[in-house]
Amino acid sequence: MPSKTVTVGSSVGLHARPAAIIAETAAAAGVPVTLSLVGGAPVNAASGLMIMTLGATQGTEVIVTSDDQATLDKIADLVSSDLDA
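Please read all numbers here as calculations on a predicted model, not as lab measurements.

### Considering the sheet that holds strand β4 (residues 61–66)
One open sheet accounts for four strands, arranged β1-β4-β2-β3; its pairing is antiparallel. Of all the strands in the sheet, the pair left with one neighbour each is β1 (3–7) and β3 (43–44). Two elements, strand β2 (residues 33–37) and β3, share two bridges in a ladder whose sense is antiparallel. From the neighbouring strand, Leu35 faces β3, where its bridge partner is Val43. Packing against the sheet, helix α3 (residues 69–80) makes contact with β1, β2 and β4, and its axis sits at approximately 15 degrees to β1.

If you want it as structure tokens, here you go:
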């Protein structure tokens, strides 16, 4: 599966609000999307709770994976954005 490594942009990391926005977008895409830390197990990007279990803080590198390039790019953009701004 294609993947892209991005840096978490949200000042609070991938906590409640950013995780919910990412999960909602991933679920609406209708294709499998996962997030993982380097060397870590992938989690379902359509689950806000699973995203929060990554413990990703601002500046953490996250790997976004999906077979759908448009969805991969959209989720990667969200992860790298400051969703609390």
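Right, picking up where we left off after that structure.
### Examining the side chain of Thr60
Inspection of the secondary structure assignment puts Thr60 in the loop between α2 (48–52) and β4. Of the polar contacts made by the side chain of Thr60, one reaches the backbone oxygen of Thr57; its length is 2.9 Å.

Calculation rules
- Residues numbered from 1 in each chain as written.
- Predicted model: local features only at pLDDT ≥ 70, side-chain atom pairs only at ≥ 80, totals over all residues.
- Heavy atoms only, no water.
- Pairing = 2+ DSSP bridges.
- Helix = DSSP H or I, 4+ residues; strand = E, 2+ residues; numbered from the N terminus.
- Contact = heavy atoms within 4.5 Å.
- Axes fitted to C-alpha atoms, helices over the stretch in contact; angles between N-to-C directions.
- Polar contact = N/O pair within 3.5 Å; in protein donor to acceptor, adjacent residues only side chain to side chain.

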